[in-house]
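What follows is the residue order along each chain.
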Amino acid sequence: RHGCPHLEEGTPMPMLGTSGQCLVDDILLDHLPRGTVSQKCECFHRFSTPKTRDDCFVESCDCPDTHGPITDAAGSCKEWKRYRGRFIAMFRNPDQRAISAFFNNRHSCTHIEKCDTALKYAKFAEGCQTRMMVGKSCLHGGNIDGDDQDEAIKRLQTGFAFVGLTEEWTLSVCLLHAIFGGKCRASEFSNMRLGKNHNSSSGYDLKTYLGNW
């Protein structure tokens, strides 16, 4: 939006997080008039290029939540029918994501007794990505069944303009630029939030935190 010739207005980003949001905003930045200011300045100043540049980000989506489910609710910036074919997401290995979320203050878990170890959290979060694809809460959206799985796969195949993989971040970043344009920046390839228990090359040791699950 706002003069970007490739990203359509209202491109929803339900599963990106901070790193992915900043990446997409980097692409938008290349197409903005100088002096444009928005709430994304904080993200820009913290994670991207030096503060001396007088360009800032515009909102890529009318609601700021980049970790929310696709929804059937009319009027939402993640409305499936309205934005089908225009969603953007970065997907992560579910086990790696669960361990990372556990160490991030048990992300979104309101039942502490169910999330007091990485293994318990992973079991509680099982099916998160599928639930989010069909409009349910990541952790508190209830059980999923075969119909949910089929719908999630269908939406993945028909609803997204771009899908990247966190484990293939460099390749995903380059592919995103190849599709939508914009300049690659060194900051896009850095690990913004490396966890203290995370190995930058191999991720979390699944055996250590999840055992044989």
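The structure under discussion appears in the preceding block.
Residues numbered from 1 in each chain as written. Predicted model: local features only at pLDDT ≥ 70, side-chain atom pairs only at ≥ 80, totals over all residues. Heavy atoms only, no water.

Draft legend 1. Representation of the nonpolar core in the model. In terms of nonpolar packing, the biggest core is built from 17 residues, with Cys 109, Cys 115, Tyr 121, Phe 124, Cys 138 and Leu 139 touching the most fellow members. With five residues, the top contributor of residues to this core is helix α5 (residues 118-125). Those residues in contact with Cys 109 that sit more than four places away from it in its chain are Cys 115, Tyr 121, Phe 124, Leu 139 and His 140. (Core = buried A, V, L, I, M, F, W, Y, C linked by side-chain atoms within 4.5 Å. Buried < 20%, exposed > 50% of the residue type's maximum accessible area, 1.4 Å probe, protein only. Helix = DSSP H or I, 4+ residues; strand = E, 2+ residues; numbered from the N terminus. Contact = heavy atoms within 4.5 Å.)

Draft legend 2. Spatial organisation of the pattern of salt bridges. Enumeration according to the criterion identifies four salt bridges in this entry. Here Asp 72 makes a salt bridge to Arg 155, at a shortest N to O gap of 3.1 Å. Residue Asp 72 is located in the loop between α2 (41-47) and α3 (80-83), and its partner Arg 155 is located in helix α7 (residues 146-158); the two are separated by 83 residues in the primary sequence. Judged by relative accessible area, Asp 72 falls into the exposed class, the value being 55%. A salt bridge links Lys 136 to Asp 148, with the shortest nitrogen-to-oxygen separation between them at 3.1 Å. (Salt bridge = Lys/Arg side-chain N within 4 Å of Asp/Glu carboxyl O.)

Draft legend 3. Here's a closer look at the side chain of Gln 96. Examined against the element boundaries, Gln 96 turns out to sit in helix α4 (residues 94-103). Under the relative-accessibility criterion, Gln 96 is labelled buried at 9%. Within the structure, the side chain of Gln 96 is placed 2.7 Å from the backbone nitrogen of Tyr 204, a separation counted as a polar contact. (Polar contact = N/O pair within 3.5 Å; in protein donor to acceptor, adjacent residues only side chain to side chain.)

Draft legend 4. Local environment of α7. For α7, which comprises 13 residues, the first-to-last C-alpha distance of 18 Å matches the rise-based estimate of 18 Å (1.5 Å per residue) to within 8%. Within α7, the full set of buried residues consists of Asp 148, Ala 152 and Arg 155. Along the axis of α7, the buried residues cluster in a sector spanning 65°; they form a single face. Of the residues in α7, the exposed ones pointing more than 90 degrees away from the buried face are Asp 147, Asp 150 and Gln 157. The inward-facing, buried residues of α7 contact α3, α6 (128-133) and β2 (160-165). You can read the cap of α7 off the contacts: a side-chain oxygen lies 3.1 Å from the backbone nitrogen of Asp 147, and it is on Asp 145. (Expected span 1.5 Å × (residues − 1). Arc of directions from axis to C-beta.)

Draft legend 5. Summary view of the packing of aromatic side chains. Inspection of every chain in the model, using the stated rule, returns eight aromatic pairs. Arranged with centres 5.2 Å apart and planes meeting at 70°, the rings of Phe 102 and Phe 103 form a pair that is edge-to-face. A residue is classified by how much of its surface remains accessible, and Phe 102, at 12% relative accessible area, is buried. Among the aromatic residues, ring-to-ring pairing joins Phe 102, Phe 103, Tyr 121, Tyr 204 and Tyr 209 into one connected group. (Phe/Tyr/Trp six-rings, centres within 6.5 Å; stacked < 30°, edge-to-face > 60°.)

Draft legend 6. The arrangement of the packing of α4 against α5 in detail. Across the interface, α4 lies against α5 with an axial gap of 9 Å and an inter-helix angle of 120°. The angle between the axes of α4 and α5 places the two elements in the oblique class. The crossing of α4 and α5 is right-handed. Of the residues in α5, those in contact with Ala 98, Ala 101 and Phe 102 of α4 are Ala 118, Tyr 121 and Ala 122. (Axes fitted to C-alpha atoms, helices over the stretch in contact; angles between N-to-C directions. Parallel < 35°, antiparallel > 145°, perpendicular 65-115°, else oblique. Left-handed = near helix turned anticlockwise from the far one by under 90°.)

Draft legend 7. Broad picture of the state of the cysteines. As enumerated under the stated definition, the model contains two disulfides in all. Paired through a disulfide, Cys 109 and Cys 115 show a sulfur-sulfur distance of 1.9 Å. Handedness of the Cys 109-Cys 115 disulfide follows from its S-S torsion of about 80°: it is right-handed. For the residue pair Cys 109 and Cys 115, the accessibility class agrees, reading buried in each case. Here Cys 128 pairs with Cys 138 through a disulfide, and the sulfurs are 2.1 Å apart. Its torsion about the S-S bond being -115°, the disulfide of Cys 128 and Cys 138 is classed as left-handed. Of this pair, Cys 128 sits in helix α6 while Cys 138 sits in the loop between α6 and α7, placing them ten residues apart in sequence. Side by side, Cys 128 and Cys 138 carry an identical accessibility label, which is buried. Cys 184 supplies the cysteine sulfur nearest to Cys 174, a cysteine that is in no disulfide, at a spacing of 4.9 Å. For Cys 174, a relative accessible area of 37% corresponds to the partly exposed category. (Disulfide = S-S within 2.5 Å.)

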